[in-house]
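# Observations on the three-dimensional arrangement
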Amino acid sequence: MTTTTEAPPRDDQQVFDALIEADSRVEPRDWMPDAYRRTLVRQISQHAHSEIIGMQPEANWITRAPSLKRKAILIAKVQDEGGHGLYLYSAAQTLGASREDMLDQLHAGKARYSSIFNYPARTWADMGAIGWLVDGAAICNQVALCRTSYGPYARAMVRICKEESFHQRQGFEILLALSRGTEEQHQMAQDAVDRWYRPALMMFGPPDAESPNSRQSMAWKIKRVSNDELRRRFVGMCVPQFEALGLTMPDPELRFDEETGQWEPGPIDWDEFHEILAGRGPLNAERMRRRRAAHDEGAWVRDAAAAYARKQTERPAPAGASNHKEVAA
Ligand code: FAQ
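Residues numbered from 1 in each chain as written. Predicted model: local features only at pLDDT ≥ 70, side-chain atom pairs only at ≥ 80, totals over all residues. Heavy atoms only, no water.

- Within an unreviewed UniProt entry, the label attached to the protein reads 1,2-phenylacetyl-CoA epoxidase subunit A, and the organism entered is Xylanimonas allomyrinae.

## Quick notes on the site of the ligand
- Lining the immediate environment of the ligand, one finds 35 residues, of which Gln 46, Ser 115, Ser 211, Lys 223 and Asn 227 sit closest.
- A distance of 2.8 Å separates a nitrogen atom of the ligand from a polar atom in the backbone of Ser 115.
- At 3.3 Å from an oxygen atom of the ligand is found a main-chain nitrogen or oxygen belonging to Pro 212.
- In the complex, 91% of the free accessible area of the ligand, which totals 1,100 Å², lies under the protein chains.
- For the shell around the ligand, the secondary-structure elements that each account for two or more residues are helix H2 (34-53), helix H4 (68-93), helix H6 (125-145), helix H7 (151-179) and helix H11 (270-277).
- Partitioning the shell around the ligand into residue classes produces 13 nonpolar, 13 polar and nine charged. (Near = heavy atom within 4 Å. Polar contact = N/O pair within 3.5 Å; in protein donor to acceptor, adjacent residues only side chain to side chain. Areas by Shrake-Rupley, 256 points an atom, 1.4 Å probe, with all protein chains shown as cover. Helix = DSSP H or I, 4+ residues; strand = E, 2+ residues; numbered from the N terminus. Nonpolar A, V, L, I, M, F, W, Y, C, P; charged D, E, K, R; others polar.)

## Let's talk about the nonpolar core
- Core analysis: the biggest nonpolar cluster contains 79 residues, and Tyr 36, Ile 44, Leu 133, Tyr 150, Trp 196 and Phe 234 have the highest contact counts within it.
- Of the residues forming this core, the biggest block, eleven residues, is contributed by H6.
- What Ile 44 contacts, discounting residues up to four positions off in sequence, is Leu 88, Ala 91, Ala 92, Leu 95, Tyr 150 and Tyr 153. (Core = buried A, V, L, I, M, F, W, Y, C linked by side-chain atoms within 4.5 Å. Buried < 20%, exposed > 50% of the residue type's maximum accessible area, 1.4 Å probe, protein only. Contact = heavy atoms within 4.5 Å.)

## So, the packing of H2 against H4
- Axis separation between H2 and H4 bottoms out at 8 Å; the angle between their running directions is 160°. In this view, H2 runs roughly antiparallel relative to H4, as classed from their interaxial angle. Crossing geometry of H2 relative to H4 is assigned as left-handed. Here H2 contributes Ile 44, His 47, Ala 48, His 49, Glu 51 and Ile 52 to the contact with H4, which in turn contributes Glu 81, Gly 82, His 84, Gly 85, Leu 88, Tyr 89, Ala 91 and Ala 92.
- Class assignment of the residues belonging to the contact of H2 with H4 gives a composition of seven nonpolar, five polar and two charged. (Axes fitted to C-alpha atoms, helices over the stretch in contact; angles between N-to-C directions. Parallel < 35°, antiparallel > 145°, perpendicular 65-115°, else oblique. Left-handed = near helix turned anticlockwise from the far one by under 90°.)

## Some remarks on the pattern of salt bridges
- For the structure on display, the rule yields 18 salt bridges.
- A salt bridge links Arg 232 to Glu 264; the nearest nitrogen and oxygen atoms lie 3.6 Å apart. A residue pair is termed long-range when its members are at least 10 positions apart, and Arg 232 in helix H10 (residues 227-245) and Glu 264 in strand S2 (residues 262-264) qualify at 32 residues.
- Given a relative accessible area of 17%, Glu 264 falls into the buried group.
- If you follow the salt bridges from partner to partner, you end up with Glu 58, Lys 77, Glu 81 and Asp 135 in one network. (Salt bridge = Lys/Arg side-chain N within 4 Å of Asp/Glu carboxyl O.)

The structure is reproduced here in structure tokens:
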């Protein structure tokens, strides 16, 4: 009689559960539940849309930046955000989503992008507030996403976080220069953070108790830290930085919780958040109009790139290329 010590074969779901349990990464070739795939496509594509819509408020200020150096920095930042959108669309494509479909959903108003980009950037100080607060909130969220369970998303986040750190510092530096400038410049910096601080807190999503996706996304380790906890961490980071800038935190009800050792923000106007999500924010219509126009105006670039790629594949291989292949083989 023979006995076998081999474990019985595990089904796909068990293999997936074990990967999540072990804190390993799920890769495109791995089996995954349909709902896990759908959640990732939703979150990653919303994230990608946020990056490209997020180019608009700052792009509007490139021609008005106060010096050549500031212009060059702002151009580089806006370009980085476009690049982040591309890494993220590529990550979503590894899940079987098509880039055209994702963009169609955005242009049809069926896909979300971050609420923050529906507010106007009124003065040069807003470039400081966006870099410092908006990129700062994005980093706070994205550092946690570097450990998300889906490999291509986690790896995109590592690179994106590095670039966002530079963005945050340049925003801080713009505000520091203004805050230490004339009385009028100092006031301009204060006015900008007054307008951007609360919308930045909303970037982390609704309170945990009202977040329909959190429980399952945390169980799948797509989200590693809850919306409220990330918001508190961000507030805690802001406290000493506001002080360093010499600016006042626009939250009279902010309090330090001795028990948890964390800063607790005052009430947030969630009605305003829901209005924006329903498409009725200050600039929702304008942002979408500009996005659709940019897509239409860019059609010739996509056509030219596709024609070039086609030519490259049709062109006979240059002499020596076959040798090269043999060597490589
Ligand atoms: N805006 O159940 P939850 C950046 C939606 S990158 C709009 O809590 P979830 C860089 C949510 O999608 C900024 N919609 O949802 C930059 C869900 O919609 P559903 C973008 C929001 O997914 C800087 C519903 O509400 N970052 O700024 C928002 O578990 C400067 C229920 O909410 C990311 O996308 C919101 N703020 O958690 C670029 C990070 N919050 O189910 C240019 C990745 C929630 O109807 C210039 N995403 N919703 O489709 C995430 O971490 C998550 O998706 C959360 C929301 C935390 C945003």
